[in-house]
Amino acid sequence: VGKKVQAIYLWWHKPVIDKELLQSLPNLKVIANSGVGMDHLDLKLVASFGVKMANAPRAVSSSTADTGMALLLASARRLVEVHHISISPSVEYCEADILGVKVTGATLGIVGMGSIGYKIALRAKAFEMNILYHNRTRRKVQEEQAVGATYCKKIDSLLQQADFVMLVVSLTPQTHKLIGKRELELMKPTATLINISRGAVVDQEALVTALQTGVIGAAALDVTSPEPLPRDHPLLKLKNVIITPHLGIKTDKATYMITEEAVENILAALNGLPLPSEVLPS
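Cut-offs used in this document
- Residues numbered from 1 in each chain as written.
- Predicted model: local features only at pLDDT ≥ 70, side-chain atom pairs only at ≥ 80, totals over all residues.
- Heavy atoms only, no water.
- Core = buried A, V, L, I, M, F, W, Y, C linked by side-chain atoms within 4.5 Å.
- Buried < 20%, exposed > 50% of the residue type's maximum accessible area, 1.4 Å probe, protein only.
- Helix = DSSP H or I, 4+ residues; strand = E, 2+ residues; numbered from the N terminus.
- Contact = heavy atoms within 4.5 Å.
- Expected span 1.5 Å × (residues − 1).
- Arc of directions from axis to C-beta.

Novice: Explanation requested: the nonpolar core in the structure shown.
Specialist: It is characteristic of soluble globular proteins that their nonpolar side chains tend to be buried jointly. Judged by nonpolar contacts, the single largest core of 29 residues is most densely connected at Val165, Leu184, Leu193, Leu207 and Leu235. Looking at this core, the elements that each hand over two or more residues are helix H7 (155-161), strand S7 (164-167), helix H9 (204-213) and strand S9 (218-221). Tallying contributions element by element places H9 first for this core, with five residues. Filtering out sequence-adjacent residues up to four positions away, Leu207 remains in contact with Leu184, Leu193, Val202, Ile216, Ala219, Leu221 and Leu235. In terms of nonpolar packing, the next biggest core, distinct from the first, is built from 28 residues, Val103, Tyr118, Tyr133 and Ile196 among them.

See the structure below:
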């Protein structure tokens, strides 16, 4: 049926798009991805076959922003740790020394202020947080003022000031291990690193060391490298870490909207119209 296939809808990186598959589909016009991140695709390879590509940024931004804030709050108030204490058969009283971190008035540094990053800023404003952001391009002044965000041209400035650092960038050669030993050492010893982008944006070995030695206070990770981590990975043994299994977009409504957005892009490509969410190779 290779000659009949004109569109592919990618769900959770399946099917794998390689040269062999592209050669077997001579009439393929478009690949629609179920999510924003396109790091699992060789964009230049796909484009060389004359195939268009699209992602689903509108469908996923709100659910992913919710995940980021959920991780921030859960880490700040040590919810996973105290849950296990609360359900332990041996508990007879509430530990008085389990102190969390106050979120109201704290400084949030957002690395990557695209549609998801901006929605995180909107949510953080409701928590009366001070918001810093670092991005390749600065947002319009009106957009900054709407959420009370301050632009940091250099990421170092953001890392030094933030109580919570939220990573919301795409995985590219430029962002691979964006946060390593040097960047972690710039952060406050009480700071929390939250990653809702891709696991490879962080140097995980450096993160483990930073968490074990008190270089930073905690981490909350919706993404790791690989996923899932090996069961003997040291990150799984640390009390100051929360790990979730790439939940970012996983809500009932977002899943439905992703499919709608993919279909919209596919139909546009098949009808020779501009793709609403086209992704071009850089």
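That shown, we press on.
Novice: Please clarify how helix H10 (residues 252-270) should be interpreted in this entry.
Specialist: Count 3.6 residues to each turn of an α-helix, and residues three or four apart come out pointing the same way. An ideal rise of 1.5 Å per residue puts 27 Å on 19 residues; H10 measures up with 28 Å between its terminal C-alpha atoms. Listing the buried residues of H10 in full gives Ala254, Ile258, Glu261, Ala262, Asn265, Ile266, Ala268 and Ala269. The buried residues of H10 all sit within an arc of 160° when viewed along its axis, so they share a single face. Facing away from the buried surface of H10 by more than 90 degrees, the exposed residues are Asp252, Lys253 and Tyr256. On its buried face, H10 is in contact with strand S1 (7-10), strand S2 (30-33), strand S3 (52-54) and helix H3 (57-76). Looking one or two residues beyond H10, the residue adopting positive phi is Gly272, at roughly 70°.

Novice: Help me understand the environment of Glu128, please; the structure alone is not making it clear to me.
Specialist: Topologically, Glu128 is positioned in the loop between helix H5 (115-126) and strand S5 (130-134). Judged by its relative accessible area of 58%, Glu128 is exposed. Non-local contacts of Glu128, meaning those with residues more than four positions away in its chain, are made with Thr104 and Gly105.

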